Every structure is written in structure tokens, then in C-alpha cells.
Amino acid sequence: MTTTMTGRPTRHSSGRRKRTGGPGARLRTFAGPAVLLALLGLVAAALVTGAPRLTNDLADRSLHADLAPLPHQVRDLTVEVPGGADGAAPAGAAGALDRFHAALPPPLPDLVDQRWQAGTVAADDVTASGDVGPLSEGGLVRLGLRTQTGLPEATRLTAGTWPASGPGQPVQVAVSQAVADTLALRPGVRLGLAAPGQAPAALLVTGVFQPIRPADPLWAPMPQAVEPLLPVNDGDPFVAVAVTDSAGLAAAGRAGLPVTHSWRYRFDHHRVDSSTIEPVAAAVGAARRTQWLPGARVQTSLDTQLVRFGEQLTSVRNLLAVVQAGLLASLLGLILLAARVAVQTRRAELTLLRSRGASLTAIGRHTLAEAALLQPAAVAVGALLALLIPGRDAGTWWVLPLIAAVTTVAVPAFAIGGQRHAAVVAGRSDLTRARPSARRLTVEATVLLVAVLGLVLLRRRGLDPGGGVDGYLAAVPVLLAVAVALLTLRALPWPLRLLDRAAAHARGALLFLGVARAGRGTPVTTAPLAVLVVAVATGVFGAVVTDTVARARDTAADLSVPADAWLTGYAFTPDTGDRLAELPGVRAVAPVRIDSNRPLRSGTDPQARTLGTARIMVVDAPAFARVAAASGVDVDVPEALRAAVRGDGPVPAVVSPSVAETVTGTAAADVQSRLYPFRVAGVVDVFPGVDLGTDRFVVLPWQALTEYAHTPVIPNRFLLATGDHDPTAVRSTADDGQRRWQSAVLGSEVDAPEVPAELLTRRAYRDGLDRTGANDVLTLAFTVGAVGGAALAVLAVGFAVLADSRARARMLARLRTLGFSGGQGRRLLVCELVPLVGVAATVGATVGVALPWLLGPTLGLSAFTPGVTAGWHLDPLVVGAVLGLVAVGLAVGLGVEILVNRRTRTADALRLGEENP
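Worth saying up front: this structure is predicted, and the values here are computed from it rather than measured.

(A) Region of the structure containing the overall build of the chain. Across its full length, the chain holds 30 helices and 22 strands. For the chain, the residues scored as buried account for 50% of the 917 residues in total. Long-range pairs, those at least 24 residues apart, make up 80% of the contacts in the chain between residues at least 6 apart in sequence. Counting every atom, the chain has about 41500 Å² of accessible surface; 58% of that belongs to carbon and sulfur.

(B) Spotlight on the packing of aromatic side chains. With the rule as written, the count across this model stands at six aromatic pairs. Between phenylalanine 624 and phenylalanine 687, the aromatic rings sit 6.1 Å apart at their centres with planes inclined by 40 degrees, giving tilted as the arrangement. Taken as a pair, phenylalanine 624 in helix α21 (residues 621-630) and phenylalanine 687 in the loop between β19 (674-683) and β20 (697-701) lie far apart in primary sequence, 63 residues in all. On the accessibility criterion, phenylalanine 624 (0% relative accessible area) is buried. Members of the aromatic cluster, joined through ring pairs, are Phe100, Trp263 and Trp292.

(C) Structural view of helix α13 (residues 399-418). In this model, α13 (20 residues) spans 28 Å end to end at C-alpha, consistent with the 28 Å of a helix rising 1.5 Å per residue. What α13 keeps buried is the set Val399, Leu400, Ile403, Ala404, Thr407, Thr408, Ala410, Val411, Pro412 and Ala415.

(D) How the structure looks around the nonpolar core. Leu108, Trp263, Leu306 and Leu532 are the most contacted members of the largest nonpolar core, which has 131 residues in total. Ranked by residues supplied to this core, first place goes to helix α10 (residues 302-345) with 20 residues. Sequence-distant contacts of leucine 532, defined by excluding residues within four places in its chain, comprise Ala793, Ala796, Val797, Val837, Ala840 and Ala841. If you look at the next biggest cluster of nonpolar residues, it comprises 32 residues, including Leu145, Val171, Val175 and Ala195.

(E) The packing of α10 against α13, seen in detail. At a minimum axis separation of 9 Å, α10 and α13 run at an interaxial angle of 45 degrees. Here α10 lies oblique to α13, going by the angle between them. Both α10 and α13 take part in a crossing whose hand is right-handed. On α13, the residues that touch Leu332, Ile335, Leu336, Ala339, Arg340, Ala342 and Val343 of α10 are Val406, Thr407, Ala410, Val411, Phe414 and Ala415.

(F) Focus on the side chain of serine 656. Looking at the secondary structure, you find serine 656 in the loop between β17 (651-655) and α23 (657-662). In contact with serine 656, not counting residues within four places along its chain, are Val683, Val684, Asp695, Arg696 and Phe697.

(G) Spotlight on the pattern of salt bridges. For the structure shown, the criterion picks out 27 salt bridges. Aspartate 691 is paired through a salt bridge with arginine 615; the nearest N and O atoms lie 2.8 Å apart. Taken as a pair, aspartate 691 in the loop between β19 and β20 and arginine 615 in strand β16 (residues 610-619) lie far apart in primary sequence, 76 residues in all. Among the ionic contacts, a cluster of salt bridges with common partners joins Asp575, Arg579, Asp736, Arg739, Arg740 and Glu749.

Definitions and cut-offs
- Residues numbered from 1 in each chain as written.
- Predicted model: local features only at pLDDT ≥ 70, side-chain atom pairs only at ≥ 80, totals over all residues.
- Heavy atoms only, no water.
- Helix = DSSP H or I, 4+ residues; strand = E, 2+ residues; numbered from the N terminus.
- Buried < 20%, exposed > 50% of the residue type's maximum accessible area, 1.4 Å probe, protein only.
- Contact = heavy atoms within 4.5 Å.
- Areas by Shrake-Rupley, 256 points an atom, 1.4 Å probe, with all protein chains shown as cover.
- Phe/Tyr/Trp six-rings, centres within 6.5 Å; stacked < 30°, edge-to-face > 60°.
- Expected span 1.5 Å × (residues − 1).
- Core = buried A, V, L, I, M, F, W, Y, C linked by side-chain atoms within 4.5 Å.
- Axes fitted to C-alpha atoms, helices over the stretch in contact; angles between N-to-C directions.
- Parallel < 35°, antiparallel > 145°, perpendicular 65-115°, else oblique.
- Left-handed = near helix turned anticlockwise from the far one by under 90°.
- Salt bridge = Lys/Arg side-chain N within 4 Å of Asp/Glu carboxyl O.

Just distances and angles here, no functional claims.
Put into C-alpha cells, the structure is as follows:
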């Protein structure tokens, strides 16, 4: 039977008519290359649609995790306005809770979950008087007042009644059980409450309550209404809040107490996702600028938090775009290679059809009909699989038709290109031209020029020029890798030819033949190596950036927790350190005191000139250094601090640059309301234990301070070197030290410390850095880059073997007739692939390592390393991984070669050579 391109039936010698096989039959005949091409299209479709969905899901989770623990001053929007002369709300305040809600800029009204209207007399502004509890003993009590919608429903009365103030009566208040027990209050007790310079207003306690849910956001602005603050040091006041009704607050205002009215709106963080960061932040900023009432101010920092998270997310999305561009470029190269292999396997068939008069258009239709049966369906399956990944749609569906078109048209395009000049006998295709064509030189020069221009723009503008991800700038690293790959493949044959000449003098033909084939640089074998360069560069780039971020975070952890653990509290007895050192698993202890926003003065006179405020850290420097060393933390404690001893003059201190600018000669630091003179002995940007990002700080050597007899420096932190310790025992011992100190200050026994001790290990802090912000997305980006790049690199090596398998089979068949064994054939493949794969992997690794250095700060990695500049770091394991990748690639190549040779007999290989030289 003869075959026609029209598919019409032909007559056989028997007289029967038979229809030629359709596209489905031909597809089954050449199923292998077609299925491989379909799988690559499926992976590309899944990557394009699935990776953004997973990115959105991780970004939304990270955003919700960041917003949930924020204090109410940051995450809620509160409108505050001071009361009038008599404490009354200003005109226009009636019905403001609903009116303000409706007037919030969109989309904020839909995000509000809870809202409250409140009136407050701040505890810091008033002082209570009476003859009960601490007041009868001369103690200082600051008692605030609060009225708020929803309070009666959030409480359960345990004694008395809820406040119901009336004209001419004392202000009726209710207090929590904890406040009542601390201040010895009960229904019927009368108190006075006065602002400075004002006559006291009369208060009457009418009820005692228990909050139904003490952790409810309703109580957030008035935590002292649930649990009062007890004095820790001598002279500290008791701080509590009593609740009243609207009439009582109005009466308090008429009595001269400073009243503030507020309207608070709490946003549900689950209704905010990463796609609405910009509009929500803009709306919050607009609400802050709105003049709600005369004299009103808006309290919130939600827009700042959203902008900070958005900057991180923008950086990581840009980085993900770079990684995706590398993976898609590698996949596109593999798709084109698969299409080329598919055409090569059918070259005899297509040449026969062409010789019988088939036009190029008919050849295109012939192969397009087969590809259209499988490739679009494979892309659709990849998109459907991506729907199984959690997350929001990222709007990347428009890319799917492009992928389907490329995978479908690739085979017809190569088939038409290969049959433009029909010939029964083809010339040798394994020789490198002395001079490349002008077209090839133009393409290579264009790629190089576009890559260099993109690098210049990228370093000037960054990955985010203001309008989101720029596709061209995100593709610059890929263009650089492609340009380097083209230059490498252009230069590679020349050193291989020199090696070939040296191999010609070696014994045996194995090395000579392998290097000779490698040095010919045929497009069949070099095209997969260009893909290998891009894939390896993408994987190594991801690995280097991941390691750079990890190292910077390690440094941040060492500076923030410069030992195995930080133990923090409010104040500990001086002997607490010795008791901690006796606990099992605690190897060393160093006491530390840190106070924020303490004044600096030009001298020890309280009236001396103020030099601003700073964070003051008092540290036993020798003990500090010992604990850090025992914990294996490499931190620098300056010699000036470690060598300081007690003397008559100012102690040496280490200060930040901003403090050094304001201190000339000597100065004095306020520690526990005592002034200690110091001189600047060193200037550092950061000091271990001082929070990263602190602009002004002073570090004093505890062992050199001349402490006052009755007011020694009291530690509020301990630096611990620990092993297998019991965290509960450590916290219990610390809390006992705080309790004993507080009992000594109050002159009466205290059951529990005011501020429970917290134990933060360096490991927990380091793990927390990986869980904050958009770090999950960052981890996804470079995990996908490293793993995907490695997998695609191995596939590229396999294609390098598969693409030339037919020619190699003919060569091995001829060599077997000369006595070559199967093992020698495999060693010949190794000799051929080692130079090519080794050079391509090395060049790709070099490009991947150089990209972070070339791109520099444009990557925005410092957004993921708090307080530490992310530099550039090369882990030796990356080099080992590249060598391992070469080994895996060679193993894959050998596996493909063995599989092909087992299915090809010597006679068949020689016969294939006759059909298609």
C-alpha cells in the first residue's frame, strides 16, 4: 500500500482498499517523544498557575500571622478627642460610632469586626485618696476611670450592683475582683480622685465584677481594669482602672477630671489578604488624615505594618519571578529539545513523504494534527492539577494558551524547518563550521546586548520600578545565564580540540574518540548544554541566596540573644543569679540591666544639660563574655569593657554613633534614677543584647560601677549558657526572685510577680525569624528554584544523550564490528559527556554564584534579615552540590544510553545509517 498526504484510500494488489492511519495511529506509533513533550507542557502549566496560587496562600497566612498578635494601638483604628471644660463630648459626637463607621474610606467599613465607644480618665493623670488598703498606709494609687459600650455584657457581678450615677451623687464605679483585693475595695467604699491642682471628685464603689473573657479585645485599652499594676521599686504607684457609666464619666468631667472620648474600630485580619494590602493601607492612611471632629486625632499603625509587609512581599515576589523565569526558560529549552528529538526520530518518514511530493504545508498539517490531540490536553491537565493547590487565583491563566501553542506548534515547526531542503543523502552534521553564520552572530550579539542593558537597568531601578513585577527586569538573570552559555559554547570547541590533539597520542582510541565528539560542538549536543547552564544557574542562585539569608539571620540571632537563652523580667533580687547557676543544666549566668529611653546628662548634677535619651545597658562584661563563649556564640565584647575596674573616675562605655556625636568628653547615664558618669571608650553600630535597629544606646561595665549602698543596680535580665535544662524550673526560680524583690519593696508578701519572667532561647528566636513576614514565600521561592533547577539540569543531561542517540548508536555499531565491547561504549559516552557537562555545570554554577553579587541590593534581601545587612555568602556545599549534579547527570546519561542501546541491534543501527546518514 502506498501512503498519500491526503489520507485517501489506496488500492492493494489484492484489490482491497485500505485507509491510511490517522493522527491517532501515528501518535501511538511515536508515543514516546510525544508523551515526553506533553509532560513538559504539563509541568510548565502547573508551574505557571500553581506556584502563584501557593505563593498567595503562604502570603495570606503570613500576613494573618503577623496581624493577629499586634497590640490594639497598632491594629485598631481609634478616633480620640479631649472632652470640653466640663468633660462633655464635643458637638457632633452623638451617634458618631455609626457615622464614623460609615464614613471610613473603603474598603475599611467591610473589614470592621468589632467597635466600641468609650470615655476615659487616664490613670497617669489622677491620684486616688481614701482610708482603705494601701491608701490608708500612705501608698500612691493612680486610679483611672473608663466607660465603654459592651462592658456590662462582658462582665459577671460578684458583689453589689452595676454603676448608675445620678445628678448630685458621687461617681459610681465598679472594680474587678483583682483590683478589689489589691486595694481593699468593696461595695460602699468611698474614694477621692483628683487631677493635679484640682479638688478631688467623690467616688462610690457600687460593685465588684469578674471579666467573662479577660483576653477579649474589649479589655485591651484598659488592662489595669482586669489586673492592677503593683509597685516594683520604692516610690512606684499602684495603677488600676475602675469602670463607670456615661453619667458617672460626665460627672467626673464636671468635677475637673481630664476626660477623653474615643471611638475604636477593630478590623478582622482574616478579611485582609495580600492582594488588598495597598488599598487597605491607603484607606487607613486616608482615615488618619481625616478630621473627624475638631481636635480629634487618629491612633493606628496598621498602615505602617501593612506597608512593611507589602515591601517584603514585593521583594519576595520579584525574587520568585526571577526563579520562575529561570525555570520557565529551562522548561522552554527542554520543550524545544523534546520537539527536536521527536522530529529526528521521524526524519526518515518525513523525508520519504517529502520525496513523494508532499509540500511543506502538508508536512505541517501532518504533524500538527498529531500534536493537537495531546499537547493542549496535557496543558489543561497541568492547569487542573494546579487548582488542587490551596490559594487564590493569581490571574496567570492567560499564559496557558501560549504554553499550549508552543508545545503544539514546536514539532510542526521543526518538521517544516528540517524538510525545507529535501535530500536523500544528507551531509555530515557533526562538524563545526570555521565561521558561524551572520544570523547566529546577530542573535548571540543581541542576547548579550539585551542582557547587559538589563543588568544596568536592574542595578539602577531595582526589580520593582514602581508598577509591580517587571517581566524584562525579572528575566535579566536568565538572559545573563543564556548569554554566558552562548559565549561558553562558542569558545568550548577550541580547548577541546587542544585536548583532542593531546588524546591522539594516548594509548587506545577511547579517549580520542570521546574528546573528538565532544569538541565538534554540534547543535544536537550543545543545545541541551545551554539549557543545562540556565538550569544550574537558577538552582545555584536559589541556593546561594537562601544560604545568604540564613547566615544573616544567624548573625541577627547571635546579636539579639548572645547566649543559649535570655531570661527577662521586671526586677530580680541580687542573689537570683546565684540560684539560677545552681539549677541543673545551667552552665553560666551573667546579670544584665537594660532600660529604654533613659536620659543622658552632661554631668552628675540632676540639673545638668540634657543630651537626649538612650537605651542604657549595664553588663558584667567578663561574665557576659564567658557566657557567650560557653554558649558557642561568636560575639565581640570590647576589651575596654572587659578590662574596666572600679575606680574614682568615669567608667569606660561603649556607645552608638549617634550618642558619640552628642557626647564630648564625659557624660552621665540615668540608671534607676541615679546618674553614673562615663567616658566614651568605643563606638559600635551594634552591641550583642541591644535590640537590633536601636539607634541610641550606651553600654556600661557593671563591674566598674560604684553602686550606691541602699540602691544597688538591680538586674532585670540574665544571660544564660544552658544545656539540658528545665525551662519551668528556670522560670520558677526567676519568678521567685522577682516575688521576693517586690515583697521587699511593698513591705508585704506578694503571691506572684507583677511581670512573669520570660525565657527566650536563641534557637526559638532564630526559628521565629523564619516564621515572620513573607519568609514562607521566600523559602518557597528558593526551594523551588534549587530543587527545580537541579531536576531540570539532570533532564538536560538526559536530553544531551537522547538527542544524539541515533548517531551514537550507528557509531557504536561500527565500533563493535572492530571489537569494541559494551563497557567500552559506556566509557566512551563518559569521555564525551564529562567535558561538556562539567564545563556547562561549572559555568552555570559560576553564573548562579555571581548573580547575587552582580544584582547586589536590588534583590532586597535585607528586608528578611532584621537589623543585619544581607551580604553575600558562598557555602562550600554549593560547590559539592554542583559536582554531585554532574555525577547524577552522567548517571542519567548512562542510563538513557543503555536503555537506547538495548533496544537497538547492530544491524538496525547500520540500516538506520543507510536511511538517514
